[in-house]
Amino acid sequence: MIEILGQLEPWLIGLFLVSNMLAIGLGLTVRQIRIPLRNPRLVLSAAITSFIIVPLLAVGVGRLFDLAASLATGLLVLGLSAGAPFMPKVAGIAKGDAALSAGLVVLLMVGTTIYMPFALPQVVVGAQVDSLRIARFLILLMLLPLGGGLMLKARKPIVADKLRPILERVSTVCLLAAIVVVMTVNFDALVRISGSGAISAALLFTMLSALAGWSFGARGVARRSVLGLGAGFRNVPVALIVSLQNFEDPDVSVMIIVTTFVALLALVPAAWIVGRRTPDA
């Protein structure tokens, strides 16, 4: 049973990514995405937070909790992986700026593809990153569906409006199913590290990262919530690809999974609270 679920896991994640990015594209125009990204201060703030501050937080939290080397490495790999594909969905719960969230995800995904191969070998001895494989992954499962959705929205807006809610439901179901499957497949490993300080470290890392994004360089709740979620959520598919390519110890990947679960449990309710307090646009 576990083997079957393990084979199902990448398909669920892939289907979520494609349906989620396609749904985002169907709800926006290229102009809507480009407008917020023309703000140099906003772009610079997001880049500094995601590619400098958050990785430093990963290092600091790992040392604070004296995590085992494999767990600290997993936290760092996740810290270097910006552009969480499900961030726009959670930003919608917080009534965040939808165009900014989509544009920010694209910006951070591209930045991760360029940044990760350079940064990881500098901080983890012997680590190497297949940038072409990461780029191929991002293009096929995220950027192409987003572009396809944008194109359909521009040419057939009525069709796009009909398809979007269907794809949003599909992506939600796939995300929930993927979470259940990943937890089931990795249950023994999750139990094994539960007393290692990993969960507390993951929670502190998540909250400090989200706070850094919220506080640094944006005005207005709609934008602050997007930057906060963009920093608090990391790109777990990319992080897992890098960990599986470079590290034999499974605890590296387990720490990535644990931190992602903790981020979901902490930030989704926080997004709901922000959304409840934010008036409809």
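What you see is a predicted model, and the numbers here were worked out from it, not measured in a lab.

Procedures and definitions
- Residues numbered from 1 in each chain as written.
- Predicted model: local features only at pLDDT ≥ 70, side-chain atom pairs only at ≥ 80, totals over all residues.
- Heavy atoms only, no water.
- Helix = DSSP H or I, 4+ residues; strand = E, 2+ residues; numbered from the N terminus.
- Buried < 20%, exposed > 50% of the residue type's maximum accessible area, 1.4 Å probe, protein only.
- Contact = heavy atoms within 4.5 Å.
- Polar contact = N/O pair within 3.5 Å; in protein donor to acceptor, adjacent residues only side chain to side chain.
- Patch = residues over 30% accessible without salt bridge, like charges linked within 9 Å, V, L, I, M, F, W, Y side chains within 5 Å.
- Areas by Shrake-Rupley, 256 points an atom, 1.4 Å probe, with all protein chains shown as cover.
- Salt bridge = Lys/Arg side-chain N within 4 Å of Asp/Glu carboxyl O.

K.L.:
An account of the environment of Arg 234 is requested, with residue identities and associated values reported.
P.N.:
Tracing the backbone shows Arg 234 in the loop between helix H11 (221-232) and helix H12 (236-246). Given the relative accessible area of 4%, Arg 234 is considered buried. As a C-alpha pair, Arg 234 and Ser 215 span 19 residues in sequence and 18 Å in three-dimensional space. Excluding anything up to four places from it in sequence, Arg 234 contacts Ser 50, Val 54, Leu 78, Gly 79, Leu 80, Ser 81, Ala 82, Ala 84, Phe 86 and Phe 205. A polar contact is formed between the side chain of Arg 234 and the backbone oxygen of Leu 78, at a distance of 3.4 Å. Within the local environment of Arg 234, its side chain forms a polar contact with the backbone oxygen of Ser 81, the two atoms lying 3.5 Å apart.

K.L.:
Mind laying out a nonpolar patch on the surface, listing which residues take part and the relevant values?
P.N.:
Together, Leu 15, Val 159, Leu 163, Ile 166 and Val 170 give the surface a local cluster of nonpolar side chains, amounting to about 370 Å² of exposed area. The element that contributes the greatest number of residues to the nonpolar patch is helix H8 (residues 157-185), accounting for four residues. As for its placement among the helices and strands, Ile 166 is situated in helix H8. A relative accessible area of 46% places Ile 166 in the partly exposed class.

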